[in-house]
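Okay, here's what each chain looks like letter by letter:
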Amino acid sequence: MKAIVVYESLWGNTAAVAKAIAEGIGPDARALSTAEASPAAVAEAGLIVAGAPVIAFSLPSEKVRQDLRANPGKAPAPPDLSHPSMRSWLAGLPRGSGRSAAFETRIWWSPRGSAGQIIRGLKRAGYLPVGKVQRFIVKGAYGPLREGELERARLWGAGLSQAVKRQPTSRPE
Ligand SMILES: Cc1cc2nc3c(=O)[nH]c(=O)nc-3n(C[C@H](O)[C@H](O)[C@H](O)COP(=O)(O)O)c2cc1C
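This report concerns the structure included in the present document. For clarity, every value in this text was computed on a predicted model and none was experimentally measured.

### A closer look at the site of the ligand
Logical step 1: Near the ligand, the surroundings consist of 20 residues, among which Ser-9, Thr-14, Val-54, Phe-57 and Ala-141 are the closest.
Logical step 2: Within the backbone of Phe-57, a nitrogen or oxygen atom sits 2.6 Å from an oxygen atom of the ligand.
Logical step 3: One of the side-chain N or O atoms of Thr-105 is found 2.7 Å from an oxygen atom in the ligand.
Logical step 4: Here the ligand, which alone exposes 640 Å², has 90% of that area covered by the protein.
Logical step 5: Looking at the shell around the ligand, the elements with two or more residues in it are helix H1 (13–25) and strand S4 (99–106).
Logical step 6: Taken together, the residues of the shell around the ligand sort by class into 12 nonpolar, 7 polar and 1 charged.

### Let's talk about the packing of aromatic side chains
Logical step 1: Applying the stated criterion across every chain, the model contains 4 aromatic pairs.
Logical step 2: Consider the rings of Phe-103 and Trp-156, whose centres lie 6.3 Å apart with planes at 70 degrees: the pair is edge-to-face. Here Phe-103 is found in strand S4, whereas its partner Trp-156 is found in helix H6 (residues 149–166), with 53 residues between them in sequence. You'll find Phe-103 and Trp-156 in the same group, each marked buried.
Logical step 3: Ring geometry for Phe-136 versus Trp-156: centroids 6.1 Å apart, planes at 65 degrees, classification edge-to-face. In this pair, Phe-136 sits in strand S6 (residues 134–137) while Trp-156 sits in helix H6, placing the two residues 20 residues apart along the sequence. Neither Phe-136 nor Trp-156 differs from the other in exposure class; each is buried.
Logical step 4: An aromatic cluster of at least three residues, connected via ring pairs, comprises Phe-103, Phe-136 and Trp-156.

Definitions and cut-offs
Residues numbered from 1 in each chain as written. Predicted model: local features only at pLDDT ≥ 70, side-chain atom pairs only at ≥ 80, totals over all residues. Heavy atoms only, no water. Near = heavy atom within 4 Å. Polar contact = N/O pair within 3.5 Å; in protein donor to acceptor, adjacent residues only side chain to side chain. Areas by Shrake-Rupley, 256 points an atom, 1.4 Å probe, with all protein chains shown as cover. Helix = DSSP H or I, 4+ residues; strand = E, 2+ residues; numbered from the N terminus. Nonpolar A, V, L, I, M, F, W, Y, C, P; charged D, E, K, R; others polar. Phe/Tyr/Trp six-rings, centres within 6.5 Å; stacked < 30°, edge-to-face > 60°. Buried < 20%, exposed > 50% of the residue type's maximum accessible area, 1.4 Å probe, protein only.

Okay, here's the thing in structure tokens:
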């Protein structure tokens, strides 16, 4: 089964988690930015995992992305806005029948997240969730990830792969 792990990542934490999840799923999985995850890549995937950071207690909005570009504040580097927001990627997602999962990267105490919005977008397009959404924790506003989070991401990816095998779709392998 082919799988894609699609990410929006402004400072690289979510991208790193996405790559670890893809490693955990196995050799048929690829981590792709929202720019790389084309309709063709989506069409051949039996599992779509999607993730984004939590910014201002939510999935980053276009306004927040533009504000971060205009006012980088204490950021160690400008935000990477070279790929579209997860919001716009989800809005353009073609309908399909594969399985889905969602994750977010965030600080530990945030009262709200982004993965719930992502999984709802995937469900709306016909991709049924396999398992619960997952949260990966960073130590400061811009990262780095807590120790052990990449290993946890690999293990979660491996678990998703097993879960999809137990709940196959009609899509050819
Ligand atoms: C301006 C800004 C706002 C943030 N807001 C939140 C938030 O509301 N909740 C949260 O859990 N984390 C928040 N974070 C932390 C990010 O979610 C975290 O650093 C994330 O891993 C960034 O992912 P990225 O490196 O892939 O862009 C914020 C970070 C920044 C820079």
